Amino acid sequence: MGSVRFGVLGPLVASGPRGPLALPGPRHRAVLARLLVARGRVVPVERLVADLWESPPAGAVGAVQTFVSALRRVLEPDRAPRAAARVLVTAPPGYALVADEVDAWRFEALVGSSSGSSSVGSAGSAVSVADWDEALALWRGPAYAEFAEHGWARAEAGRLAELRLLAVERRAAALVGEGRSAEAVPDLEVQVEGHPWREESWRLLALAQYHAGRQGDALHVLRRARDLLAAELGVDPGPALRTLESDILNHTLTPPTPAVTTTPGSAGSARVAGVAGSAGVAGVAGVELVGRAGELAVLAAAAESVADRPRLVLVSGEAGVGKTALVESFADRLARSGWTTAQAANPDTRDTPAAWPWTRLLDTLDGPGRPRSPTGSTGTAPSSTTSPAPHPSCWSSTTSTGPARRPWTCSRPSWPTRRGSWSSPPTATPTPVPP
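Our subject in this report is the structure included herewith. Keep in mind it's a predicted model, so treat the numbers as computed, not measured.

## Some points on the nonpolar core
Moving on, step 1. Counting residues in hydrophobic clusters, the biggest one holds 81 residues, and the most contacted among them are F6, L32, L36, L75, L97, F107 and Y144.
Moving on, step 2. With residues up to four places along the chain from it excluded, the contact list for F6 reads V13, A14, L32, L36, L75, V87, L97, A99, E101, V102 and D103.
Moving on, step 3. By size, the runner-up hydrophobic cluster in this structure holds 12 residues, among which are L299, A303, V327 and L334.

Pasting the structure below:
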C-alpha cells in the first residue's frame, strides 16, 4: 500500500494513492488528530479517553477501540483480514500513527531551514521567497480548527499559528532582501492589524515602505507602533524600532543588495540572467542576479549585437536600487568569458582632473603588455581614440553629477575599440556610440 498523506493546516484531511479518503465521524477524527499531534509517539488508551471526553462514559475504552478499527479500514482499505496494521498501529499501552507525509511537519521543516532570523541580509533571509511561498501555501485554514474545544488541539494549533506569523515575517524579509520591498507591504499591513504586538512585523513594514520610496509612510508606521504600545501596554518601542526610526530620519540605511544564486551550468553553455548565452558570453558559469533578469538581458543583447562599433547602454535609477550590483555582476560574467572589462568613477571633489573616469578606464584597458593609449601629460584622455582590441572589451564610467547613471560600452574582439567621452548619455535603450 502506498503512503497516506495527512493535512491538519485547515480541516483534517487524508488521501491515499487513489485520492481523498472519507474519514468517519467527529470522534474518529478526534482520535486521528490526537495521534497526529503525538508525531508518531505512542498515546496510551487512558490518555485518549481523557482527551476525548471531559467525563468519560462507561465503555469509553471499548469505544476508542471501535474508532481505531473504523479508521484502519479507511486508511488501509486493501489490508488483508487479520494482517497487522501498518499506519495506525497497536503499541502497548495504546496506539501510534505511522505517518510520513503531514503538511504541518513539512511546514515546520521549511521554517526551520531559515536559520532562525528575519533580519534583512541575515542567514534567515537567504531562504528564497519561493521557499516561503511554498511553506505558506500549505495552509488551508486554521490548524486543527475543528478540535478547538480540546486543550491538546489548542496548544498545538497555537504553536503552528505562531510559526506561520514568523514565516510571514521571514518571507517579507526575503522580499526586501531581493529588492522587492513594495511586494512585502500588503501582507505586513494585514499582519500588524491582526497582531499589533509583534514589533518585528512593524519594523519590517516600515523598512519595506522606506526601501519602496515611501519614507513618510515608514515614519508614520513607526509612530503608530509607538503610540499603540504606549497607549495599550504603557511601554516604549524596543531597540529595533527605535534604531530603524533613527536610521530613516538620518538617511543611514543601506539599500539591500539583491541576492546572487547559482544555477547548474557547464562548459559551452551559459545563462546570463536567465537568457541563454552565445558566442560573446559562452563559458560563463550559470549565475543569476535575482530580480534583474530583464536588465541583464538588455546588457547581454547589447554585448552580442556589437558589429563594427561599440555599443552604449545606460543603466539609470534612484540611488540605492542596485545599479552598481547590476553592472558589476554583468562585468563578472563577461570577464569570465574572456572579455576585458574596466570600471571608473568620478569622485565628488573639485580638484578631480577633467575626464578622470576615462583616464582610469584607459589605464585599466591598456594594462601591462598592451599598447598605451595616446594620453596627454595631464592624464586627460583624448576625446576620441582608436586602438586594436585583442580581446572583447566592456567598460563603465560613473559620474557623481546629474542623475544616478551607469553607462556601459562594449566592443567585439577583432574590431577597433573607440574610446571617448560624451556630454549627455542616452537615457533609455542601448544605442551605438557615434563614430
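## Looking at the sheet that holds strand 5 (residues 88-91)
Moving on, step 1. The 3 strands lie next to each other as 4-6-5, forming an open sheet whose pairing is antiparallel. Where the open sheet ends on each side, the last strands, each with one partner, are strand 4 (43-44) and strand 5.
Moving on, step 2. As paired strands, strand 4 and strand 6 (residues 94-97) are joined by 2 bridges and run antiparallel to one another. From the neighbouring strand, V43 faces strand 6, where its bridge partner is Y95.
Moving on, step 3. On the sheet, helix 3 (residues 60-75) packs against strand 5 and strand 6 and is oriented at approximately 140° with respect to strand 5.

## Let's talk about the pattern of salt bridges
Moving on, step 1. For the coordinates displayed, the defined rule picks out 20 salt bridges.
Moving on, step 2. Residue E108 pairs with R159 through a salt bridge whose shortest N-O separation is 2.9 Å. Remark: R159 occurs in helix 6 (residues 151-177) and E108 occurs in helix 4 (residues 103-112); sequence separation between them is 51 residues.
Moving on, step 3. Among the ionic pairs, R198 bridges to E169, the shortest N-O distance being 2.9 Å. With R198 in the loop between helix 7 (181-194) and helix 8 (199-211) and E169 in helix 6, this residue pair connects regions lying 29 residues apart in the sequence. With respect to class, R198 is no different from E169; both count as buried.
Moving on, step 4. When salt bridges with common partners are traced through the structure, they connect R39, E108, E156 and R159 into a single cluster.

## Comments concerning the environment of L229
Moving on, step 1. For L229, the location among the structural elements is in helix 9 (residues 215-233).
Moving on, step 2. When its relative accessible area of 4% is taken as the criterion, L229 is described as buried.
Moving on, step 3. Taking the C-alpha atoms as reference, L229 lies 8.7 Å from P196; in sequence the two are 33 residues apart.

## Some thoughts on helix 5 (residues 129-136)
Moving on, step 1. All buried positions along helix 5 are accounted for by V129, W132, A135 and L136. The buried residues of helix 5 occupy one face: seen down the axis, they fall within an arc of 120°.
Moving on, step 2. Looking at the buried positions of helix 5, the neighbouring elements they touch are helix 4 and helix 6.

## So, the packing of aromatic side chains
Moving on, step 1. Taken as a whole and assessed by the stated rule, the structure comprises 3 aromatic pairs.
Moving on, step 2. An angle of 85° between the planes, with centres 5.5 Å apart, marks the rings of F107 and W139 as edge-to-face. Of this pair, F107 sits in helix 4 while W139 is found in the loop between helix 5 and helix 6, placing the two residues 32 residues apart along the sequence. W139 matches F107 in its accessibility class, with the two residues each being buried.
Moving on, step 3. Sitting over the ring of W139, R164 keeps its end group 5.8 Å from the ring centre.

## Remarks on unusual backbone geometry
Moving on, step 1. Put simply, P92 and P93 share a cis peptide bond, and its omega is 10°.
Moving on, step 2. Mapped onto the elements, P93 comes out in the loop between strand 5 and strand 6.
Moving on, step 3. Positive phi, close to 55°, is recorded for R39, a residue that is not glycine.
Moving on, step 4. Within the secondary structure, R39 sits in the loop between helix 1 (26-37) and strand 4.
Moving on, step 5. Judged by relative accessible area, R39 falls into the partly exposed class, the value being 35%.
Moving on, step 6. One non-glycine residue with positive phi stands out, namely H251, at about 55°.
Moving on, step 7. By the secondary structure assignment, H251 is in the loop between helix 10 (239-250) and strand 8 (260-262).

Conventions adopted
- Residues numbered from 1 in each chain as written.
- Predicted model: local features only at pLDDT ≥ 70, side-chain atom pairs only at ≥ 80, totals over all residues.
- Heavy atoms only, no water.
- Core = buried A, V, L, I, M, F, W, Y, C linked by side-chain atoms within 4.5 Å.
- Buried < 20%, exposed > 50% of the residue type's maximum accessible area, 1.4 Å probe, protein only.
- Contact = heavy atoms within 4.5 Å.
- Pairing = 2+ DSSP bridges.
- Helix = DSSP H or I, 4+ residues; strand = E, 2+ residues; numbered from the N terminus.
- Axes fitted to C-alpha atoms, helices over the stretch in contact; angles between N-to-C directions.
- Salt bridge = Lys/Arg side-chain N within 4 Å of Asp/Glu carboxyl O.
- Arc of directions from axis to C-beta.
- Phe/Tyr/Trp six-rings, centres within 6.5 Å; stacked < 30°, edge-to-face > 60°.
- Lys NZ or Arg CZ within 6 Å of the ring centre and 35° of its normal.

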